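For reference, the chains in residue letters:
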Amino acid sequence: MTTVDPSPIHPDAVADLKQSLAGSVVLPGDPEYESAATVYGTVYGATAAPALVAQVSDADDVGVAVAFARSHGLELSVRSGGHSGSGFSTNVGGVVIDLRRLNSVEIIDPVRRLVRIGAGATWGQVAATLDGSGLALSSGDTTSVGVGGLSLGGGIGWMVRTCGLALDSVVEATIVTAGSEVLRVSADEHPELFWAIRGGGGNFGVVTSFTFHARSLSRVFSGTLQFGDADLAELLAGWRDVMRAAPDELNTTFLAMPAFPGMPGGVQVLVCFAGDDAVAAEAALAPLRDLPGLTSDDVAAHPYVDLLEEAHPPEGMTIIGHNAFARELTDEALGDLASMYAELGGSVLMIRSLGGAFSRVPNDATAFGFRDSEALIISVAFLPPDGPAEAGSRVRDLWQHVSPHLQGTYAGFSSAPGGEEPALLYSPDTLSRLMSLKRTYDPENLFRRNHNIPPDLAR
Ligand SMILES: Cc1cc2nc3c(=O)[nH]c(=O)nc-3n(C[C@H](O)[C@H](O)[C@H](O)COP(=O)(O)OP(=O)(O)OC[C@H]3O[C@@H](n4cnc5c(N)ncnc54)[C@H](O)[C@@H]3O)c2cc1C
């Protein structure tokens, strides 16, 4: 956290804002300023030094705070769970709209399985509230990630092959636009805006709540299959073949990692069979258990809530993450990925299986691209702070080598300081539709602390 100047905004303006909000305003020097301003992205080097944080209580508050930032020409950040790797949900010298008080989780229609969730809730809260209700929502894997950012950008979680992305379960949302208008968006109301917010991130306004269609689910079969010495490319090919024939209920992540203090290294397949039927789960898991070199297996029935965990990034390390989608995991691609892992040294390689329900959503049904992908490839390098500067560029070079097999990138896992190039996130058709909607809903690009969709190419 850098030292922050006293608020550059005129005290009378701040006093007016405080009067107008049902929520509160946190300023530099206030005891709660540091926790209000800091976000996860600071582990990737983002700076958190806003002039004020508006802790809003409802959509009207959001409208007031949006109008305040607009009229004072201030940088605006929107924060739900604060897990943007790029640190977009805070800023230097601007306004942060903090949605964490908008964190209700309500089953509003048990028969139609509709759940309304405040954008500031975390996925841990959601899973804990739904636990025991017979309902679950596919989210991400981490308890403290926010509903807002994950649902607007994608949401690749433990049930992605079973239910699709988290955003595929959204049926309605409430959004506050750059003009401070509060709109309800769905397939029937403002359908174009509804399309855009499912994959277009925070580019079109501040979403205050989402209504999701939940899945009936009382338990999952989850755990880890650990593999001993095996040829990595061969094991990857075996895993790929199993996943190609697997039912939608079977979700897995292939993980190769070196040993870390307190954690043995090796190859693991992390499993979540998202279905209640133990016999079907055993049948789906059997071919994974037949892969060469299985040394341990703790897959068992669990409530879904038990799958979500907290992330503990190693302290004092520089983290360099890369990710891209693979349309097809060919033998050549797997061979190159195995070589990349060997060369990376000290890095984690994670391959998340996609396909299933994720891939059956038509490409143009939402603004999210790359539905034709078989997997998402992620590498995470942990470098000591005094590690050589070339280490980062070496990781980039290794990725260049595998890039012919890959396409695009998942914005959710990006920590690019200025955001990703839109052309890496969207097809040309999707991008031009998004830019046209940006010109309609946010022509001045007030909402630009995100993987930004410019209103026009000149910007
Ligand atoms: C430890 C960790 C684990 C993760 N695990 C997963 C995972 O398993 N699966 C997965 O898919 N992703 C995962 N992610 C990525 C995550 O989905 C994205 O970082 C996501 O954007 C975080 O959402 P947030 O609300 O917590 O973040 P924030 O930082 O609050 O927001 C992220 C972006 O969305 C904008 N935004 C947030 N809320 C709103 C809103 N209500 N209205 C408008 N704009 C908004 C912000 O301005 C910012 O640009 C993980 C990230 C981390 C750091």
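Residues numbered from 1 in each chain as written. Predicted model: local features only at pLDDT ≥ 70, side-chain atom pairs only at ≥ 80, totals over all residues. Heavy atoms only, no water.

Undergrad: Could you give an account of empty space enclosed by the protein, with specific residues and numbers?
TA: With the rule as written, the count across this model stands at 1 cavity of 30 Å³ or more. Size it by volume and the largest cavity reaches roughly 40 Å³. Considering the residues around the largest cavity, the lining is formed by Gly157, Trp158, Val160, Asn251, Thr252, Thr253, Arg352 and Ser353. Those elements that provide at least two residues to the lining of the largest cavity are strand 13 (250–257) and strand 18 (347–353). Per element, the largest residue contribution to the lining of the largest cavity is 3 residues, and it comes from strand 13. Inspection of the lining of the largest cavity shows a minimum of three residues originating in each of domain 2 (105–216) and domain 3 (220–413). (1 Å grid on protein atoms, 1.4 Å probe; cavity = no way out; pocket = protein on both sides within 12 Å on 5 of 7 lines; lining within 4 Å. Points joined across faces, edges and corners; volume = space filled by probe spheres on them. Helix = DSSP H or I, 4+ residues; strand = E, 2+ residues; numbered from the N terminus. Domains from an automatic or database assignment.)

Undergrad: So what about the sheet that holds strand 10 (residues 206–213)? Which residues, and what values?
TA: With respect to topology, 5 strands assemble into an open sheet ordered 5-6-10-8-9, the strand pairing being antiparallel. What marks the edges here is a single partner per strand, and that holds for strand 5 (105–109) and strand 9 (182–186). Direction aside, the axes of adjacent strands within the sheet are offset by 20° on average. Two strands pair when backbone bridges link them, and strand 8 (residues 170–176) and strand 10 are joined in this way by 6 bridges, in the antiparallel orientation. Pairing of Val176 across the sheet is with Val206, part of strand 10. Contacts from helix 3 (residues 59–71) reach strand 8, strand 9 and strand 10 within the one sheet, and its direction differs from that of strand 10 by about 145°. (Pairing = 2+ DSSP bridges. Axes fitted to C-alpha atoms, helices over the stretch in contact; angles between N-to-C directions. Contact = heavy atoms within 4.5 Å.)

Undergrad: Mind laying out the layout of surface pockets, listing which residues take part and the relevant values?
TA: In this model, the second largest pocket occupies a volume close to 400 Å³. His322, Asn323, Trp399, Thr409 and Leu424 are, among the 19 residues lining the second largest pocket, the residues nearest its centre. Breaking the lining of the second largest pocket down by element, the ones donating at least two residues are strand 17 (318–326), helix 12 (390–402) and strand 20 (406–407). Top contributing element to the lining of the second largest pocket by residue count: strand 17, with 4 residues.

Undergrad: Which residues make up the site of the ligand, and what are the values?
TA: Neighbouring the ligand are 34 residues, the closest being Val78, Ser80, Ser89, Ile156 and Tyr410. Here Gly412 contributes a backbone N or O atom positioned 3.3 Å from an oxygen atom of the ligand. Contributions of two or more residues to the shell around the ligand are made by strand 3 (76–79), helix 5 (147–153) and strand 10. Ranked by the residues each element gives to the shell around the ligand, the list is headed by helix 5, at 4 residues. (Near = heavy atom within 4 Å. Polar contact = N/O pair within 3.5 Å; in protein donor to acceptor, adjacent residues only side chain to side chain.)

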